[in-house]
Amino acid sequence: MPLLFDMPLDKLKTYQGRTPRPADFDAFWDKGLAEMQALDPKVELKPAGFQTPFAECFDLFFTGVGGARIHAKYVRPRTAAGKHPAVLVFHGYSGSAGDWADKLAYAALGYSVAALDCRGQGGMSEDVGGVVGWTLRGHIIRGLSGPPEGMLFRQIYLDTAQLARIVMAMPEVNPDRVGATGGSQGGGLTLACASLEPRVKRAAPAFPFLCDYRRVWEMDLAKDAYAELRDYFRMFDPLHEREEEIFTKLGY
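All values reported here derive from a predicted model rather than from experimental measurement.

**Student:** Sorry, what's going on with unusual backbone geometry here?
**Tutor:** The phi dihedral of serine 184 is positive, around 60°, even though this residue is not glycine. Among the structural elements, serine 184 can be located in the loop between β6 (173-183) and α5 (185-196). Residue serine 184 is classed as partly exposed on the basis of its relative accessible area, which comes to 24%. For aspartate 220, which is not glycine, the phi dihedral falls at a positive 60°. Within the secondary structure layout, aspartate 220 lies in the loop between α6 (213-218) and α7 (227-236).

Written as structure tokens, this is what we have:
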């Protein structure tokens, strides 16, 4: 049975996306990483109420850009000999770090695992707000009416890189053996994390969301989570006079 996509598979393998790349893309993220690195993350590890004989479970808190306290679930094996690998896990849109149980397989294999709660979504991370415009639900367009430094996903992307660095600095973790994974939004965050923290050795994104916004729009597929694009144009730019500006800003 043939694989049916919007273009042939051989072209999809080399396709680089349609969303414009901002002219200051590299400088923008260099500045963001410098802001993140200048922070005192004030890392806290608090033993969780859930524990097992072979794995220790912790609530991990750190201070992210903008002063938000960010939460992740951290699980490490009790009996691993020496430094061991670690996996960063990122959840789907509007979700959370999930249950402790689905992290135990990694610990049973001798891995530590850290699962981020994205700020403003279904977990315990703090969302400090402070942007102009939409706050009811639309996280992918949150901050789109202001400068790109205020966009919510800029902060979440930096949270992924900061979590990676915190985990790599754990005394039990081998920083040369850290990978990242996630599906949907988590797939997009996996790509962002591996880009912003190049020491991530393996990235396993599944059906990544947060990608190729312009192509989504051109294919008339602005639905489900991408429906926020349609809502934004309808509410704030119904004549699409700012379309190039909007998609360029989303390109960060």
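Next comes the rest of the description.
**Student:** Would you mind showing me how to read the pairing of strand β5 (residues 112-116) here?
**Tutor:** Strand residues, when the strand is regular, have side chains that alternate between the two faces of the sheet. Of all five residues in β5, five are buried; the element is thus mostly enclosed. The alternating pattern of β5 places Ser112, Ala114 and Leu116 on one face and Val113 and Ala115 on the opposite face, and all of these are buried. Across four bridges, strand β3 (residues 69-77) lies against β5 in antiparallel orientation. Bridging across to β5, alanine 72 finds its partner in leucine 116. Note: strand β4 (residues 84-90) against β5, five bridges, orientation parallel. If you follow leucine 88 over to β5, its bridge partner there is alanine 114.

**Student:** Looking at this model, I keep getting lost on the layout of surface pockets. Mind explaining?
**Tutor:** Any empty space left between atoms is shown by rolling a water-sized probe over those atoms. Estimated volume of the largest pocket: approximately 1,400 Å³. Along the walls of the largest pocket sit 44 residues, with Leu191, Phe209, Leu210, Cys211 and Asp212 positioned nearest its centre. Among the elements of the structure, α2 (25-37), α4 (152-168), α5, α6 and α8 (243-250) are those that each provide at least two residues to the lining of the largest pocket. For the lining of the largest pocket, the leading source of residues is α5, giving five residues. Class assignment of the residues belonging to the lining of the largest pocket gives a composition of 28 nonpolar, seven polar and nine charged.

So, how was this worked out
- Residues numbered from 1 in each chain as written.
- Predicted model: local features only at pLDDT ≥ 70, side-chain atom pairs only at ≥ 80, totals over all residues.
- Heavy atoms only, no water.
- Helix = DSSP H or I, 4+ residues; strand = E, 2+ residues; numbered from the N terminus.
- Buried < 20%, exposed > 50% of the residue type's maximum accessible area, 1.4 Å probe, protein only.
- Pairing = 2+ DSSP bridges.
- 1 Å grid on protein atoms, 1.4 Å probe; cavity = no way out; pocket = protein on both sides within 12 Å on 5 of 7 lines; lining within 4 Å.
- Points joined across faces, edges and corners; volume = space filled by probe spheres on them.
- Nonpolar A, V, L, I, M, F, W, Y, C, P; charged D, E, K, R; others polar.

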